[in-house]
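Examination of the molecular architecture
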Amino acid sequence: MKKNPSILSIIIILLLCACSKDASNEFDLDQLTRVDIIEEKSGQEFIITEEEKIKSFRNLISKVEWELDIKPQMAEKEDMTATLFFTHDKNMPERLTEYSLWFGKKDGTVVIYHKEKNALGTLDEENTRALRKLLDNS
């Protein structure tokens, strides 16, 4: 039986594309392994790697209500910048994404800007307090 070389070529190309494609175009919070925080006003930097704190951070970020295709129009520079590290495969480099955070002084909420997705998100007061506590204790 003779194989059709063009079909075989197409199958090989599809397999190569599928294998070389990044694991996901989306970030899976279960793969979050580290968070680097910079307090913009003080310049203080700290890293969150403890499993319990990472779990808490995952839980809080999953509660953010996002609005897509919105750029922040803030009068002040962000309070904090958070760089999230996602590990898809132990043999591959981590994927990074960056958030800017503004903590509201009047309403007690946080505004989060996801730079890669161009999305603006918010957390309610209760979850903002939990996030602030997590970041203050790191």
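Here's what I pulled together on the structure shown here.

Thresholds, definitions, all that
Residues numbered from 1 in each chain as written. Predicted model: local features only at pLDDT ≥ 70, side-chain atom pairs only at ≥ 80, totals over all residues. Heavy atoms only, no water. Phe/Tyr/Trp six-rings, centres within 6.5 Å; stacked < 30°, edge-to-face > 60°. Helix = DSSP H or I, 4+ residues; strand = E, 2+ residues; numbered from the N terminus. Buried < 20%, exposed > 50% of the residue type's maximum accessible area, 1.4 Å probe, protein only. Lys NZ or Arg CZ within 6 Å of the ring centre and 35° of its normal. Expected span 1.5 Å × (residues − 1).

Moving on: the packing of aromatic side chains. Two numbers describe a pair of aromatic rings. These are the distance of the centres and the angle of the planes. Enumeration according to the criterion identifies 1 aromatic pair in this entry. Between W66 and Y99, the aromatic rings sit 5.7 Å apart at their centres with planes inclined by 55°, giving tilted as the arrangement. One end of the pair, W66, is in strand β3 (residues 65-68); the other, Y99, is in strand β5 (residues 95-103), with 33 residues separating them in the sequence. Judged by relative accessible area, Y99 falls into the buried class, the value being 6%. Lying over the aromatic face of F85, R34 brings its terminal NZ or CZ to 4.0 Å of the ring centre. Taking NZ or CZ as reference, R132 lies 4.2 Å from the ring centre of F103, over its face.

Counted at 1.5 Å a residue, the expected span for helix α2 (residues 51-62) with its 12 residues is 16 Å, and the 16 Å between its end C-alpha atoms agrees. Those residues of α2 that sit buried are I54, F57, R58, L60 and I61.

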